[in-house]
Amino acid sequence: MSSGQVTKRVKYKTSVKDAGTPGRLSLVKERLLFRPNNPNSASKLDMQFKYITNHRYTKEGSNKAPMLNLTSNQACRALAPPVEAPNLGASSQVPSEQPSRDDLLFRARLLQDSSELQKLHQQFVGGGVLTEAEFWATRKKLLEKDSNTKSKQRGGLKSSVLGESKPLIDGRTNRVTFNLTPEIVREIFSEKPAVHRAYLNFVPSKVTEKDFWTKYFRAEYLQRSKNIAAAIAEAAEDEELAIFLKPDDILANETRRKIRRVDPTLDMEADQGDDYSHLPDHGILRDGSKEVPEPGNELYRRTLLQDLNRHAAVVLQGTPIDEEQLKDTQTVAEALERSKQERSTASKDDDSMADQERLKGISQAMTIDDLRGSNDHHLAPLWIKDPRDYFDSQQASSFRTSMEATKGSMSSQEAYGLLRESISQIKSMGLNHPIVAPEVAQKVLSVLTHNISSTKYNLGKKPGESLLDSLPTSVRDELLHHHISIEELMKHFWSSYPITTKYLNTKVIKLKDEMSKMDSQLQKLKETVQPDIRHQITLLIRPMQQALEAAMQHYDAEQQKRASKAREKPNGYS
Amino acid sequence: SFSDDVSLLVVLIDTNPFFWSTSSSSLNFHQFVSHVLVFLDLIVRLSQLNQIVVIATGHNTCDYIYDSSLDTDQVTGEGELPALYSFVLQRLEEFVNKDEKLGAKQEGLSEKRASSLLSGSLSMALCYIQRVFRSGPLHPQPRILCLQGSPDGSEQYVSIMNAIFSAQRSMVPIDCCYVGSHNSAFLQQASYITGGVYVKPQHLEGLYQYLATVFAVDLHSRSFLQLPRPAGVDFRASCFCHKTTIDMGYVCSVCLSIFCKHHDKCSTCGSVFGKAQLDAASDRKRKASES
């Protein structure tokens, strides 16, 4: 390191949420210096190494933005190099982006997959007519396809109550084993907010996770055994257990608001887990028919209906956390807590207004259009002109056209007289024998057959057959390739107008040269092709040639205009 | 059912005097009628079950001239001409007189459209065919042969197109043998859409040969034959305001009426149109080029 320092462009953040000020970080001997780009900005850093206590940086190869986090006695600083956004936008700007490795790999794959694209790429980018960036600029859609594969939707919750899965009861060792997966944890925390709160409060400070869940499942077991006396007894002893056995107070507070929030027009996607009908007892092991809530024990009783309703409400609401966050209980708990906090801050608005809006939305969604009374106010009545007006009024315009046809016309009397005369002539003279002279008949026949056979062989035997298929394959491929390359050239040419920068100017010149080359190629193709298909080839090529001509004419016209403008002296001096 | 090669042929004969009085020397009305009469006889003789219906397309009216299935139209021959011919000629003369009388009433308007009432005769033919369809399962395959010479009447564009579409729907081919000077776009389109044959004979003195070669064949046998196909069809539509043929115009998005220039309101269905996009775009372009 000759200069004795390393400099890097970074953004300086004082906290994670800070947007960051762009600037330069220099690593000099024994100090770190940060100078922001904007000299008026206050954020500066000048730290000696001895004060830095800890540093954290994002792992190489991870998808997160690269960051360097410095903790020192004074404060915690974070620095991050700016994210360079690749600018694959309009080709009118000078593209200055460096495509990431992933992008390059993807492009190479695209080229491999489509030989057509590869040929085009070789022809233009290899030939120096277009740069790599311009070529891919018009194909943003192809490149972006990869990024959209990750679905932005979250999967829904299962309809079956996962928490009701049967535990493994081992009679010999008197052990009951419950299964616990992160999904079940999520369900439990979503449906029983009191348990969630208990978890957050007690674990890991008061009880370990294992103990927590053991207690929870003990409570479940007691509930299921319908042994109320035992439940009350144990609840009296163990306060955590009591939490699990008592009805959920958070739920009670939120019930009303939750009911209002349910949108009856939700769409749910079902999958295997929703197929509770094929599970024994529909996945619910409790039979609520025999449950009768006794007055004194209301506190310690949950009916099947309550559980079902709660589960249904949670499923309808959907899950606020992603699949990825279902890693372990702690993560699930924290994620749910965060989402709950966000929700509670968001719902600080006026409840009554929200209620009204919701009611209006529900009523709109639920009205059945067919049963609504006819509401023609916003519909204009259908009015179709009387056809008689249409026919009568057009006679004036038809005079002009027909008057030209009747030049030297005779009066109608004379005309009809002619007709009558012809008819009486036939009546008196009879018909000619033969009605058609044989030579004439022969001529007509030969003309007709010639006509039919020529159209048959020239225009194709079947109407569905395409002209392209009838050409030899080499000619056809060449034609198609020319067409695609001309299309590409046209796209780039016309998008460069109006020419505002020098870069566009050079680009247009290059394109124009390529276009004249293509034109001569097309001409050569026309001349070298076999004579029997030459006519059709000419017809096929004509639109391509016209497009090229139009583009070149436009270019010449613009050049002339530019030249004449340059020749004009400013301010009209002659 | 009927054997396949029986045809019901509805022939529309153009008797527009204003066309025939100006027609070229190679085909006058006399020769035209002669050729057509022999052709009609041919059809009748091809099969006992063949039926023909002749409709005359006049200048002011159209009418049925001959229906081979009607008992009243079976006549025994006397005199030189076969029965069929004399009968048809007689009816034709009566029709011409009727047409003239109807025209005389409107003489004061001094309008002399050179076109005939093709839309009227097409409609009559289609109505007759519909009646045949509803007469029972046993009926021959109907088709329409248009022997037309008068130019297209642009004021009849919509009605002719309607008739063509209903023929297409009923699967009735409309053939055309056009004896006028310039091709008829309406009839070309009619033949194209309905699967018929359009022929404009070069040698009009051999008209009968054309008719016998191309149009005498029943529909079933057509699948084994190659019939002449026109090199191209003039597909241009006519605008609804001036009835001029256009290839670029404006279409109402509600009723699909075609106009040649921008209107504020559709004259057929009354929908109000927004400002044309083209004007807005050209304003912007003008401003950009000036700056």
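Keep in mind that what you see is a predicted model, and the values were worked out from it rather than measured.

Participant: Is there a simple way to explain the overall build of chain A in this structure?
Facilitator: Summing up its helical and strand segments, chain A has 21 helices and nine strands in all. Taken over 574 residues, chain A has a buried fraction of 30%. In chain A, once contacts between residues fewer than 6 apart in sequence are set aside, the share between residues at least 24 apart is 57%. Carbon together with sulfur atoms contributes 53% to the accessible area of chain A, which is approximately 38700 Å² in total.

Participant: Mind showing me how you'd approach helix α2 (residues 29-46) of chain B here?
Facilitator: Helical geometry note: an α-helix holds 3.6 residues per turn, so side chains three or four residues apart project in the same direction. Taking 1.5 Å per residue as the helical rise, α2 of chain B with its 18 residues ought to reach 26 Å, and the 26 Å between its terminal C-alpha atoms agrees with that figure. Of all 18 residues making up α2 of chain B, 13 are buried, and the element is well covered by its neighbours.

Participant: Please explain the environment of Leu180 of chain A as it appears in this structure.
Facilitator: Residues and elements named next belong to chain A. Residue position: Leu180 is located in the loop between β9 (175-177) and α5 (182-191). Here Leu180 falls in the partly exposed class, since its relative accessible area comes to 31%. Residues Leu180 and Thr329 lie 149 residues apart in sequence; the distance between their C-alpha atoms is 9.6 Å. Contact partners of Leu180, with chain neighbours within four places excluded, come to Val185, Ile188, Trp213 and Phe217.

Participant: So what exactly am I meant to see when it comes to the packing of helix α6 (residues 193-202) of chain A against helix α7 (residues 209-225) of chain A here?
Facilitator: When two helices pack together, their arrangement is given by the angle between their axes and by how far apart the axes lie. All names here are of chain A. Put simply, α6 and α7 touch, their axes get as near as 11 Å, and they point 155° apart. Classified by the angle between their axes, α6 and α7 sit roughly antiparallel to one another. Once α6 is placed against α7, the crossing between them reads as right-handed. When α6 is examined against α7, the residues Val195, Ala198 and Tyr199 are found in contact with a partner set consisting of Glu209, Phe212, Trp213 and Tyr216.

Participant: Explanation requested: the sheet that holds strand β4 (residues 141-148) of chain B in the structure shown.
Facilitator: Paired through backbone hydrogen bonds, the strands of a sheet run either parallel or antiparallel to each other. Residues and elements named next belong to chain B. Taken in spatial order, the six strands line up as β3-β2-β1-β4-β5-β6 in an open sheet, and their pairing is mixed. Edge strands, defined here as strands with exactly one partner in the open sheet, are β3 (62-67) and β6 (198-199). Where strand β2 (residues 51-57) meets β3, five bridges bridge the pair, whose relative direction is antiparallel. Counterpart to Val53 in the pairing with β3 is Asp67. Contacting β4, β5 (174-178) and β6, helix α7 (residues 207-215) crosses the sheet at an angle of about 160° to β5.

Participant: What exactly am I supposed to notice about the packing of aromatic side chains here?
Facilitator: Residue and element names in this part refer to chain B. A complete count under the given rule lists 21 aromatic pairs over all chains for this structure. Seen in terms of ring centroids, Tyr66 and Phe87 are 5.7 Å apart; in terms of plane orientation they differ by 70°. Their pairing is edge-to-face. A residue pair is termed long-range when its members are at least 10 positions apart, and Tyr66 in strand β3 and Phe87 in helix α3 (residues 83-105) qualify at 21 residues. On the basis of relative accessibility, which here comes to 7%, the residue Tyr66 falls in the buried class. For the ring pair Tyr157 and Phe186, a centre distance of 5.5 Å and an interplane angle of 40° mean the geometry is tilted. Placement of Tyr157 in helix α5 (residues 157-170) and of Phe186 in helix α6 (residues 185-194) is noted, with a sequence separation of 29 residues between them. The exposure class assigned to Phe186 is buried, which follows from its relative accessible area of 4%.

Participant: Explain the nonpolar core to me, please; I cannot follow it from the model alone.
Facilitator: One recurring pattern in soluble globular proteins: nonpolar side chains tend to sit buried together. Residue and element names in this part refer to chain B. Counting 55 residues, the largest nonpolar core has Phe32, Phe39, Leu147 and Phe215 as the members making the most contacts within it. Per-element tally for this core: the top contributor is α2, with nine residues. Excluding residues within four positions of it along the chain, Phe39 makes contact with Leu9, Leu145, Tyr208, Leu211, Ala212, Phe215 and Ala216.

Participant: Which parts of the structure should I look at to understand the packing of α5 of chain A against helix α11 (residues 304-317) of chain A?
Facilitator: All names here are of chain A. One way to put it is that α5 packs onto α11 with a least axis distance of 9 Å and a crossing angle of 105°. The pairing of α5 with α11 is recorded here as roughly perpendicular in orientation. Contacts from Glu187, Ser190 and Glu191 of α5 reach α11 at Arg310, His311 and Val314. Split by residue class, the contact of α5 with α11 holds one nonpolar, two polar and three charged.

Participant: Can you help me understand a nonpolar patch on the surface in this one?
Facilitator: Together, Ile169, Val176 and Tyr221 of chain A make up a nonpolar patch on the protein surface, roughly 260 Å² of accessible area in all. Position of Val176 of chain A relative to the elements: it lies in strand β9.

Participant: Is there a simple way to think about the side chain of Ser191 of chain B in this case?
Facilitator: Mapped onto the fold, Ser191 of chain B is located in helix α6. Among all residues touching Ser191 of chain B, those that are not within four sequence positions of it are Ile174, Asp175, Cys176, Gly196, Val197 and Tyr198 of chain B.

The rules behind the values
Residues numbered from 1 in each chain as written. Chains lettered and ligands numbered in written order. Predicted model: local features only at pLDDT ≥ 70, side-chain atom pairs only at ≥ 80, totals over all residues. Heavy atoms only, no water. Helix = DSSP H or I, 4+ residues; strand = E, 2+ residues; numbered from the N terminus. Buried < 20%, exposed > 50% of the residue type's maximum accessible area, 1.4 Å probe, protein only. Contact = heavy atoms within 4.5 Å. Areas by Shrake-Rupley, 256 points an atom, 1.4 Å probe, with all protein chains shown as cover. Expected span 1.5 Å × (residues − 1). Axes fitted to C-alpha atoms, helices over the stretch in contact; angles between N-to-C directions. Parallel < 35°, antiparallel > 145°, perpendicular 65-115°, else oblique. Left-handed = near helix turned anticlockwise from the far one by under 90°. Pairing = 2+ DSSP bridges. Phe/Tyr/Trp six-rings, centres within 6.5 Å; stacked < 30°, edge-to-face > 60°. Core = buried A, V, L, I, M, F, W, Y, C linked by side-chain atoms within 4.5 Å. Nonpolar A, V, L, I, M, F, W, Y, C, P; charged D, E, K, R; others polar. Patch = residues over 30% accessible without salt bridge, like charges linked within 9 Å, V, L, I, M, F, W, Y side chains within 5 Å. Salt bridge = Lys/Arg side-chain N within 4 Å of Asp/Glu carboxyl O.

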